[in-house]
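Geometric and topological summary
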Amino acid sequence: MKKKIACVLCAALLLAGSLTAFPLTAAASYSAADDVSLISATAEWQYAENGGAALDLVQTGGAPNVGAIAYTGAGNAPLGYGDNYDIHLNTTLGYGTDINNRYNAAVFGNTFTLTAEQAAQIADEQLYVMADVNYDDGFALFINGSETDRVNLYADTVLNSSALASAAVDSTYGSTRIIFSSDVFREGENKIVVAVFQNSVASNDLYFNLRLYANPQPNYPDSYYPHMIAVTFYGNSGTAKGFNWKTDSFFKNSNVQIAEKTEGQAVPDWSGATTFTGTAGTINGEWIHKAVATGLDPATEYWYRVGDAERNVWSSAATLHTADNDGSFTFLHTSDVQSESYAAYMRWKNLLDLAFDMYPETDFIANTGDFTENGVYLNQWEWMFSLPEAILRNTTLAPTTGNHDRYDNVFVSRFNVPYPDEIYSTTTGAYYSFDYENAHFTVLNTNDNTRERPEPGSTIAGLNKTQYEWFLNDLSSTDKQWKIVMLHAGLFTSGNKINADPYIGDMRQQIVPFMLEQGVDIVLQGHDHVYIRTKPQGLGSVDLPDTVTEVYNGQQRELMVDPDGIVYINSNTAGGATMYELIDYDKTMIYPAKTEQPHTTMFSAIRIEQNRLYFDSYLVYQPETETQTATAQLYDSFAIVKDRHTDVIAMIDALPDTPAAGDYAAVMSAFSAYERLNKDEKAKVTNYADLLTAEAAVKNVIREQTVTGDGGDDLALAIALPIAGVVFVGGAIAAFILIRRKKSNAEK
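Heads up: these notes are all about the structure in this document.

Right, let's get into the side chain of Asp363. Examined against the element boundaries, Asp363 turns out to sit in the loop between helix H4 (342–358) and strand E26 (364–367). It turns out Asp363 is buried and unbridged, and the closest side chain with the opposite charge, Arg607, is 5.0 Å from it. Among the polar contacts listed, one links the side chain of Asp363 to the side chain of Tyr436, at a separation of 2.9 Å. Filtering out sequence-adjacent residues up to four positions away, Asp363 remains in contact with His321, Phe329, Thr330, Thr395, Thr396 and Tyr436.

Here it is, written out as structure tokens:
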């Protein structure tokens, strides 16, 4: 059986710029000249002005028997009412006697006839039946009594006199094209019913017309094709990627093609591409695809595209790269993009454009949740993905579930993340973990807590039982050098959420001691739209670690040495979210190194280089006009160095087995690095004996070397040479210079 497709091309979204024009690949072209008209755009329709009441009368088991609708009149399309004078209505409908309590819906009915030949062609997909629908504000459509499509109506809305559209159409009317499944049609007479709903009973307009036609090629618009494409971590970050995208259900197959990108290659060659197959299904009424590409090569850049290989319909090409496992990488931290308008999501686009211009080497974005203001609103997700599409399609996203993303599996409908099989529920989001280079990232779902959605058997307040047990196992099982936790509801912040949401206090008591025990380095947070970076802290305690100064990227940076505590970070908001003022937080629990409300969007860049972590946060000043670009100002910085003994071990391992005189400087450099360690660090230098052996060997070589000269330049040259004995004879100058290293306490 062939599945139908339906895709919303809401005029409001198009006018707002929420849908981008995708350069796509399709198998064949539609031609309007081949259209077979079934119902014209100005055809006569039967109607029931009080459609909600008419639907009430034909309810059977929670669904209307639309074949029994009692119509009250007939007229030619377009039909409706309202003061949109640019709309020509052929038939004006009534809406009741109270302008503040109008009929919630109107129902329209019609018939069309298919010949035996047409019905057979439709069944064999040689002919496609399509409808172009104009509407205000939402509708449900039925063919021969079966509901085929809903637009601007929630999937669980019961169609009756209480039903309302899920969103208002902001422009004159919304526009949608539907391509139907072949199995809803039959030879002879077919019946079509459309119930059009208002977003509010006080709405001042209603509009409907529909053109039904058939064609040998489907006339699907760009938005039918793959969009809202997200690339995520799924498995080994050096050899695998996860993919998530949306199409209409006409595209039943879920395929990803991967082709290695060669140096200087501007256009992909798909002839040798590898094709991966995933799965597709309905989540909240949307057709969602998920796939995983495996067996990739580390440290490699690839082209990729997603689509339906059978129909040869693909997204545009984009790029991805795999981890190279050299222990050095850069990622961005953003949070709380949540916005309600196109203009607000432009802040998100501007911020990412600027961040990637400043950090083109960025490996991925770590986002700590709240991608939308309301996760059930499709237009907000469209803006979130489509406006910065040039960035998001060409990087990897590590997403966290926020409280605004917690509705009815919305999070897992947008992102393909490797949540564990034993997860209790994905209704409020998901949790998972991934490794990248020498770092382990644990991503929690703070919506999955014992206060707001308790799981049976959860006896400890905080995260629910299944997630908590997974968290304990996940962190204790990793041996990565860096441990980073991502969560939405921040455990230590200076905004009002710290007191307003009691489950945060539960989680703090539940998981912080374990994170300290496991040596977590930083926690990336969201939810409170403020900037805070804490000192390395525990649960009611703060650590003041030793510091060292090093040069990094031409600048002197102060690095905390092996801090005994966790740094908690909120990077304010990366979009249009409300920016909260600081509260009078508990100063015996929260220890900020810096916290303010800078009243502008922000992002943070984090660079890990083996055993060093460098953090820089930036204020992003949004442009005031379309001709301007965003600008950034460095706002806060810190750095951590840990396991310094590994630097010394590496220096010693790099010394030759049989040192020569020229190795003297390298030997002494290793000794200098060793002496800068503290007592505990020195005890971890397991090859220190090799350093003493190398020192003795190089001394034996250079002890026999003597340089003589007459003083002056010869003296300066000799002093610069790495030798043990130098004798100068000449004139009044006679000197013996002995260069030696002071013995360490361990050697005395």
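Still to come is the rest of the account.
Take a nonpolar patch on the surface next. Where nonpolar side chains cluster on the molecular surface, the patch consists of Tyr154, Val376 and Tyr377 and spans about 230 Å² of accessible area. Along the chain, the position of Tyr154 falls in the loop between strand E12 (146–151) and strand E13 (174–179).

One finds Phe364, Phe441 and Met515 to be the most contacted residues of the largest nonpolar core, which totals 94 residues. In this structure, Phe441 is in contact with Phe329, Phe331, Phe364, Tyr432, Ser433, Phe434, Tyr436, Ile484 and Met486, ignoring residues within four places of it in sequence.

Overall, mixed pairing links the eight strands, which are arranged E27-E26-E25-E37-E38-E39-E34-E33 in an open sheet. The open sheet is flanked by strand E27 (396–399) and strand E33 (547–552), the only strands paired with a single partner. Each adjacent strand pair in this sheet contributes to an overall mean axis angle of 25 degrees, direction not counted. Pairing of strand E25 (residues 328–334) with strand E37 (residues 601–609), which is carried by six bridges, proceeds in the antiparallel orientation.

Once that is clear, we can look at helix H8 (residues 465–477). Because an α-helix completes one turn every 3.6 residues, residues spaced three or four positions apart along the sequence face the same direction. Taking 1.5 Å per residue as the helical rise, H8 with its 13 residues ought to reach 18 Å, and the 18 Å between its terminal C-alpha atoms agrees with that figure. Residues of H8 that are buried: Thr466, Gln467, Tyr468, Trp470, Phe471, Asp474 and Leu475.

A regular strand places its side chains on the two faces of the sheet in alternate fashion. In this sheet, strand E21 (residues 286–293) lies alongside strand E20 (residues 279–283) in antiparallel orientation, the contact comprising five bridges. From the neighbouring strand, Ile283 faces E21, where its bridge partner is Glu286. Connecting E20 to the antiparallel partner E21 that follows it, the hairpin turn spans two residues, and Asn284 within it adopts a positive phi of roughly 55 degrees.

Here we take up the pattern of salt bridges. Considering all chains together, one arrives at 22 salt bridges under this definition. Across the pair Glu301 and Lys261 runs a salt bridge, and its minimum N-O distance is 3.9 Å. In this pair, Glu301 sits in strand E22 (residues 301–308) while Lys261 sits in the loop between strand E18 (255–260) and strand E19 (274–277), placing the two residues 40 residues apart along the sequence. The partly exposed category is assigned to Glu301, whose relative accessible area is 36%. The network of salt bridges with common partners includes Asp35, Asp132, Arg177 and Arg211.

Conventions adopted
Residue indices follow the written sequence of each chain, beginning from 1 at its first position. Local features in a predicted model are, by the rule used here, given only for residues with pLDDT of at least 70; side-chain atom pairs are given and counted only at 80 or more, and totals for whole chains, interfaces and linings are based on all residues. Heavy atoms throughout the structure, all of them, feed into the side-chain values; hydrogens and water do not. A helix here means a DSSP run of H or I that spans at least four residues, while a strand means a run of E at least two residues long, and both kinds are numbered starting from the N terminus. Only protein chains enter the accessibility calculation, which uses a 1.4 Å probe; a residue is then buried when its area is under 20% of its type maximum, exposed when over 50%, and partly exposed in between. In this charge count, Lys and Arg are treated as positive and Asp and Glu as negative; neither His nor the chain ends contribute. We define a salt bridge as a contact between a side-chain nitrogen of Lys or Arg and a carboxyl oxygen of Asp or Glu at a distance within 4 Å. Throughout this description, a polar contact denotes any pair of N or O atoms lying within 3.5 Å of each other; where both atoms belong to protein, one of them has to be capable of donating a hydrogen while the other can accept it, and for residues adjacent in sequence the pair is counted only when both atoms sit in side chains. The contact criterion used throughout is that any non-hydrogen atoms of two residues lie within 4.5 Å. To count toward a patch, a residue needs a relative accessible area above 30% and no salt bridge. Like charges then connect within 9 Å, nonpolar side chains (Val, Leu, Ile, Met, Phe, Trp, Tyr) within 5 Å. Calculation of accessible area relied on Shrake-Rupley with a 1.4 Å probe; when residues are assessed, cover is drawn exclusively from the protein chains displayed. For this analysis, a nonpolar core means a set of buried residues of the types Ala, Val, Leu, Ile, Met, Phe, Trp, Tyr and Cys, connected via side-chain atoms within 4.5 Å. A strand pair is defined by DSSP finding two or more bridges across the two strands. Axes, fitted as lines to C-alpha atoms, cover a helix only where it is in contact. Angles between the N-to-C directions of the axes lie from 0 to 180 degrees. The span you would expect from a helix comes to 1.5 Å times its residue count less one.

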